[in-house]
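Report on the structure
The primary structure of each chain is shown beneath.
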Amino acid sequence: MSEKNNEKVSEAQIAVHWKEEGYFEPPKEFIAQANIKDDKVLKRFSMENFPDCYKEYADMLDWYKPYTKILDSSNPPFFKWFIGGKLNASYNCIDRHLPKYKNKTALHFVPEPENEPIQHITYQELYVRVNEMAALLRDFCGLKAGDTVTLHMPMIPELPITMLACARLGIIHSQVFSGFSGKACADRIVDGKSKVLITADSYYRGGGLLDHKEKADIACDGALKEGQKVDKVLIWQRYPGKYSAKTPLVKGRDFIVNDLLKDYKRARVEPEQLPADATLFIMYSSGTTGKPKGAQHSIGGYMSYVTGTSKYIQDIHPEDVYWCMADIGWITGHSYIVYGPLALAASSVIYEGLPTHPDPGRPWRIAEELDVNIFHTSPTAIRALRRVGPDEPAKYDYFFKHMTTVGEPIEPEVWRWYYNVVGKKKAVIVDTWWQTETGGFLCSTLPAVHKMKPGSAGPGVPGIYPIIYDDEGNILPAGSGKAGNICIQNPWPGLMMTIWGDDERYVQVYYQRYNKDPKSKDWHDWPYFCNDGAVQAADGYYRILGRIDDVINVAGHRLGTKELESAALMVSEVGEAAVVPVADPIKGKVPHIFVSLKPGVKASAELEKKVTDTLASEIGPIAKPAKVWIVSDMPKTRSGKIMRRVLAAIANKQDTGDITTLANPQVVEEIKNMA
Ligand code: PRX
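To start, this report covers the structure provided alongside it. A quick note: this is a predicted structure, and the numbers were derived from the prediction, not measured. (Residues numbered from 1 in each chain as written. Predicted model: local features only at pLDDT ≥ 70, side-chain atom pairs only at ≥ 80, totals over all residues. Heavy atoms only, no water.)

Re the site of the ligand
Residues in contact with the ligand amount to 15 residues; listed here are only the nearest, D431, T432, Q435, T436 and D532. One nitrogen or oxygen atom from the main chain of P409 is found 3.4 Å from a nitrogen atom belonging to the ligand. Contact distances for the ligand include 2.7 Å between a nitrogen atom and a side-chain N or O atom of D431. Bound to the protein, the ligand loses 93% of the 540 Å² it would expose on its own. Breaking the shell around the ligand down by element, the ones donating at least two residues are β21 (428-432) and β26 (542-547). Split into classes, the residues belonging to the shell around the ligand amount to five nonpolar, six polar and four charged. (Near = heavy atom within 4 Å. Polar contact = N/O pair within 3.5 Å; in protein donor to acceptor, adjacent residues only side chain to side chain. Areas by Shrake-Rupley, 256 points an atom, 1.4 Å probe, with all protein chains shown as cover. Helix = DSSP H or I, 4+ residues; strand = E, 2+ residues; numbered from the N terminus. Nonpolar A, V, L, I, M, F, W, Y, C, P; charged D, E, K, R; others polar.)

Following this line, the structure appears as structure tokens:
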């Protein structure tokens, strides 16, 4: 690349001001017991062994009929894995474990009210309940392989039971996050063309029993307006035998599952022997703008990938108690609460409610009581727990061998709190970068092999070969330390098959940008465009800078919002920070920063200045926020993500739009009054 070209590239870059962080070694005790102890796996999954390397993951499953071809790439970017093979996901997560583990807990269900007992559901009980539910779906609803059904269920054990019952028959489930509105559910019913909606009457969140069934009515009415009639609504009771919602049942449409199940006692349903490239589920991507995009995941490829990565990256053994605090309504929950861990016969924890309810010690009490040894959560949750209960973990007697962070870039400051305080300096940490569309992990360190580096996800996981392009389509040299758009060169089994019902959009959103020949039948010409910015350091580790859309262009300088937030968290009084772009007549866009403070800290002009000065000194004067807003709390979604969209609207003096789905809509009024 010429000098001139190089210069052009650097102009287009997101400014990268992160300091290189030091390494942390994986603990010896962890290495001694790890599923993967050395780097031979990287050779087995080298590019020259692609795609055959993925046999290693497929072999972790039981197949009714062996596959005859590992990868069919004859029609890129529509890739098919394990062609000719037949299997069943429900069988792989349940039946095959029974001879050895029928008495072992498959799911620990922790209700939000602390006085309600924890339910321990064994593999045998899971088998019985999934079979009975499958019989009901088949005989009462008339559902069969290839049909779709929409689920709008909270974090109760009946959610994985319903998913696995669907999987047993080959019914495609489309679970909508329970915190989403009835309207959002309606859009997904319409897109999925579901005639059956499965929901629950109620669930606990933040101390209250919420009426969830009312959303089903809104969803069915909304879907009908768009031409999709829901024939049956199946309602699970939070308290079996007692209907706990205020909203009445609609005669002829609504049915209580717990009542219906009485007719299916001891029913057994043979798992369907399904082709590897049949669809297991649809999961809508988290984007809230435009028509929802349903990532369509296969049975064979997806199951192989989540099982393999659960074993090698999550280091799950059957004897582990594994708690992923995500919601099953997101891809993290599908892959790494339900399908991956259960395929490996682990005991997986499902927690119903808010991590900070009734106090920030709750997660650590759960960990202590269940002897959880693998813990998995998001930077958002870690920041919230750090803010409200920085000293809580030390009060409880638990031991984590392994911890995961997922979902957004983690600020090194927050990583260190996770490592020192939550992990008590004994746990290995993996920072796993991936997406709804990718089914499983893309970048992470191998926990017993690679050193950890706070804020960096790590290299591509075995078999994943990332590459960074600049805006013009040039490949940045490996380890250049320059930011660009990260893509994956090769397909992998966990990759979605397409966007449900919209092949064109699949090609346009994920491939068009860097595909040079749309007619090419060679997979090498179809890098998967992740829509994320990233930088690769000299050691090969990738640091993810966030969605390409999250870049603020200040007078021609591109700033990643995340690096500003990360710098703000270095101010010891700051608990959480969110940066949003605000229109400016001169500079184009300027950053405003919202910060909430740790308990006991008071807002002051000095503190505002301290935040501004820190951004200026850590990143540069260009990063100086035009305004620092010290707020009592951030507007958050029910899953705990900070709603930057709402903050941006307030800062730009625009309408905040629909805020009814927020966990704390009252905060919005409060912040508006500060404007
Ligand atoms: O921007 C990246 C960010 O979350 C996006 C994917 O979001 P979603 O499909 O909801 O899936 C979340 C769970 C996998 C990515 O495009 N992201 C996810 N994990 C990380 C991350 N950013 C930085 N570091 C991560 N570990």
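The rest of the description comes next.
Brief notes about the pattern of salt bridges
Counted by the stated rule, this structure contains 39 salt bridges. With a shortest N-O distance of 2.8 Å, R416 and E21 are connected by a salt bridge. Separated by 395 residues along the polypeptide, R416 in helix α16 (residues 412-422) and E21 in the loop between β1 (14-15) and α2 (28-33) bring together distant segments of the chain. Accessibility expressed as a relative area gives 25% for R416, which makes it partly exposed. Note that D187 and K183 form a salt bridge whose closest N and O atoms lie 2.9 Å from each other. Of this pair, D187 and K183 both sit in helix α9 (residues 182-192), four residues apart, which is roughly one turn of the helix. What makes D187 partly exposed here is its relative accessible area of 22%. Owing to a relative accessible area of 47%, K183 belongs among the partly exposed residues under this scheme. In this structure, a network of salt bridges that share partners links the residues E114, D359, R362 and R365. (Salt bridge = Lys/Arg side-chain N within 4 Å of Asp/Glu carboxyl O. Buried < 20%, exposed > 50% of the residue type's maximum accessible area, 1.4 Å probe, protein only.)

As for the packing of helix α15 (residues 379-388) against α16
α16 packs onto α15 with a crossing angle of 70° between their chain directions and a minimal axis gap of 10 Å. In terms of axis orientation, α15 runs roughly perpendicular to α16. Here α15 contributes I382, R383, L385 and R386 to the contact with α16, which in turn contributes E413, V414, W417 and Y418. Tallied by class, the residues present in the contact of α15 with α16 amount to five nonpolar, no polar and three charged. (Axes fitted to C-alpha atoms, helices over the stretch in contact; angles between N-to-C directions. Parallel < 35°, antiparallel > 145°, perpendicular 65-115°, else oblique. Contact = heavy atoms within 4.5 Å.)

Some words on the packing of α9 against helix α10 (residues 213-225)
At a minimum axis separation of 7 Å, α9 and α10 run at an interaxial angle of 45°. Judged by the angle between their axes, α9 and α10 are oblique. Judged by the twist between their axes, the crossing of α9 over α10 is right-handed. Across the interface between the two elements, G182, K183, C185, A186, I189 and V190 of α9 pack against K215, I218, A219, G222 and A223 of α10. Residue composition of the contact of α9 with α10, by class: seven nonpolar, two polar and two charged. (Left-handed = near helix turned anticlockwise from the far one by under 90°.)

As for α16
For α16, the set of buried residues is P412, V414, W415, W417, Y418, Y419 and V422. Note on α16: the residue one or two positions beyond its end, K424, has a positive phi of about 55°.

A few points about the packing of aromatic side chains
Counting across every chain of the model gives 46 aromatic pairs. Ring centres of W364 and Y398 lie 5.8 Å apart, and the angle between their planes is 25°; on these two criteria the pair is classed as stacked. Of this pair, W364 sits in helix α14 (residues 362-370) while Y398 sits in the loop between α15 and β20 (402-406); the two residues are 34 residues apart in sequence, bridging distant segments of the chain. As far as burial versus exposure is concerned, W364 and Y398 are alike and both buried. (Phe/Tyr/Trp six-rings, centres within 6.5 Å; stacked < 30°, edge-to-face > 60°.)

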